[in-house]
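For reference, the chains in residue letters:
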2 protein chains.
Amino acid sequence: MDQPDLTAAPGADLAARLRLSVVRLSRRLRSQRSDAITLTQLSALYTLGACRAMTPGELATSERVRPPSMTRVIASLEEAGLVTRRQHPTDGRQSIIELTRAGADLLAAEASARERWLDKRLAELTEDERGTLSRASEIIDRMAGA
Amino acid sequence: MDQPDLTAAPGADLAARLRLSVVRLSRRLRSQRSDAITLTQLSALYTLGACRAMTPGELATSERVRPPSMTRVIASLEEAGLVTRRQHPTDGRQSIIELTRAGADLLAAEASARERWLDKRLAELTEDERGTLSRASEIIDRMAGA
DNA sequence: TATTGTTATACTCTATAACTATA
DNA sequence: TATAGTTATAGAGTATAACAATA
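A brief report on the enclosed structure follows. (Residues numbered from 1 in each chain as written. Chains lettered and ligands numbered in written order. Predicted model: local features only at pLDDT ≥ 70, side-chain atom pairs only at ≥ 80, totals over all residues. Heavy atoms only, no water.)

Let's talk about the overall build of chain A
Of regular secondary structure, chain A possesses seven helices and three strands. Secondary structure elements in chain A, listed N-terminal to C-terminal, are α-α-β-α-α-β-β-α-α-α. A burial count over chain A gives 51% of its 146 residues as buried. Partitioning the contacts of chain A with sequence separation of at least 6, the portion at a separation of at least 24 is 45%. Only carbon and sulfur atoms are counted for the fraction: they give 50% of the accessible area of chain A, which is about 7,300 Å². (Helix = DSSP H or I, 4+ residues; strand = E, 2+ residues; numbered from the N terminus. Buried < 20%, exposed > 50% of the residue type's maximum accessible area, 1.4 Å probe, protein only. Contact = heavy atoms within 4.5 Å. Areas by Shrake-Rupley, 256 points an atom, 1.4 Å probe, with all protein chains shown as cover.)

Right, here's the structure in full:
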């Protein structure tokens, strides 16, 4: 039958190729995580680092996961001392999650961790290729958020 | 409080942005999977569709997972009647995995499933944006395979 | 003895459903 | 009654360690 090498052929179905690429890179990134923190935790921490103080619901929306999933992520981050929780000023149901000093430090360390796997791989690319990935990242965010 | 942050800022650390993008798109893709098959199974099926006949070890290497993980994926595909296993001609330890007719049919159906979430999103992009994603996909594959 | 693959086990990630507390 | 969040539970995905069969 038709013999499309979907992993390589440039003209082949984009959705299939992009799906494979993302699945495989995602596996790689998860397996390359540090001992201290998982990729899911790091992702939430980045969002918190950008928005400073958020409710669990805002975090879940921002990370595009369901509230129960975020509950577990927050609990693990709290236990690790990377975030704290304080009362919401007006709504007793909600709470405010913020980075601790340790959380901010870890984020800063991650950001400058040039020895990290992905940083190394990116450093091996040309400037043009990094530009392509940068634009792709923006397009992907738009798609994933839609 | 829409993130002004690492997900959007063009000058921000590429590794961090790409990591977030890939994690989020991966979540989306897994949640958008059909009822019939998971993304992990589909990924293995695509590889089998391209390479026709492979041993479990070759499949694991190609998908970049560990052998025990591939054992489970193959078992689930076998149970679903999407792949079959036959004896290796010269090595009794190995076996040969191949698509069944049902597996090939499902793959063909997926490939032409224009109603799928990712296909819809991609169709909304400009030709230029799709070109960027296509090039990014190739770069990502090179990185993930390195 | 080395290689290939499977079984046993455990942990992460995520979801849905049901529940609690507050608005 | 509606909303925000948590708890209970389940299933997918992946890994390491130990094992069996074959080379």
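That covers the picture; the talk isn't over yet.
Points about the protein's contact with DNA strand D
Taken together, 23 residues form the shell around DNA strand D, and within it A:Arg27, A:Thr71, A:Arg93, B:Arg72 and B:Gly92 come nearest. When the atoms of DNA strand D within 4 Å of the protein are grouped by moiety, sugar and phosphate amount to 68% of the total. Elements supplying a minimum of two residues to the surface near DNA strand D: helix H3 (56-63) and helix H4 (67-79) of chain A together with helix H2 (39-51) and helix H4 (67-79) of chain B. For the surface near DNA strand D, the per-class residue count stands at six nonpolar, nine polar and eight charged. (Near = heavy atom within 4 Å. Nonpolar A, V, L, I, M, F, W, Y, C, P; charged D, E, K, R; others polar.)

Remarks on the sheet that holds strand S3 (residues 95-99) of chain B
Residue and element names in this part refer to chain B. Taken together, the three strands give an open sheet; going across it, the order is S1-S3-S2, and neighbouring strands pair in antiparallel fashion. Here the strands that pair on one side only, and so sit at the sheet edges, are strand S1 (53-54) and strand S2 (83-87). Contacts from H2 reach S1, S2 and S3 within the one sheet, and its direction differs from that of S3 by about 95°. Along the sheet, H4 contacts S2 and S3; its crossing angle with S2, the most-contacted strand, is approximately 110°. (Pairing = 2+ DSSP bridges. Axes fitted to C-alpha atoms, helices over the stretch in contact; angles between N-to-C directions.)

Considering the relation of the copies chain A and chain B
Relating the two copies of this chain is a rotation about some axis coupled with a shift parallel to it. The operation relating chain A to chain B is a screw motion whose rotation component is 179°, with 0.0 Å of axial translation and a residual RMSD of 0.1 Å. On the angle and the small slide along the axis, the relation comes out as a two-fold axis. (Least-squares fit on C-alpha atoms with pLDDT ≥ 70 in both.)

Some remarks on the side chain of A:Arg19
Within the fold, A:Arg19 resides in helix H1 (residues 14-31). Using a relative accessible area of 9% as the deciding quantity, one classes A:Arg19 as buried.

Looking at the interface of chain A and chain B
Counting residues at the interface gives 64 residues for chain A and 63 residues for chain B. Summing the contributions of chain A and of chain B, the shared interface buries around 6,300 Å²; its carbon and sulfur component is 62%. Three residues, A:Arg19, A:Arg27 and A:Met143, lead the burial of chain A against chain B; their summed loss comes to 11% of the area buried on that side. Here chain A is connected to chain B by seven salt bridges. A:Glu63 serves as the salt-bridge partner of B:Arg27, at 3.4 Å between the closest nitrogen and oxygen. Seen at the junction of chain A and chain B, the total is 16 residue pairs in polar contact (both at pLDDT 80 or more). Here the side of chain A that touches chain B is built from residues that sort into 31 nonpolar, twelve polar and 21 charged. (Buried area = accessible area lost by both parts, 1.4 Å probe. Salt bridge = Lys/Arg side-chain N within 4 Å of Asp/Glu carboxyl O. Polar contact = N/O pair within 3.5 Å; in protein donor to acceptor, adjacent residues only side chain to side chain.)

Considering unusual backbone geometry
Phi angles above zero are rare outside glycine, and A:Arg52 is one such case at about 65°. Position of A:Arg52 relative to the elements: it lies in the loop between helix H2 (39-51) and strand S1 (53-54).

Let's talk about the pattern of salt bridges
When the charged atoms of two side chains with opposite charge come close together, those side chains can pair. Summed over the entire model, instances satisfying the criterion amount to 19 salt bridges over all chains. Of the charged contacts, one joins A:Glu78 and A:Arg85 as a salt bridge, the two residues approaching to 3.2 Å between their closest N and O atoms. By relative accessible area, which is 31% here, A:Glu78 ends up partly exposed. The class for A:Arg85 is partly exposed, based on a relative accessible area of 38%. The partner of B:Glu124 in a salt bridge is B:Arg121, with the nearest N and O atoms 2.9 Å apart. Given a relative accessible area of 55%, B:Glu124 falls into the exposed group. Residue classification places B:Arg121 among the buried positions, given a relative accessible area of 13%.

As for the environment of A:Asp128
Checked against the element boundaries, A:Asp128 lands in helix H7 (residues 127-145). Taking relative accessible area as the criterion, A:Asp128 reaches 59% and is therefore assigned exposed.

Any link to function would need more than the numbers given here.
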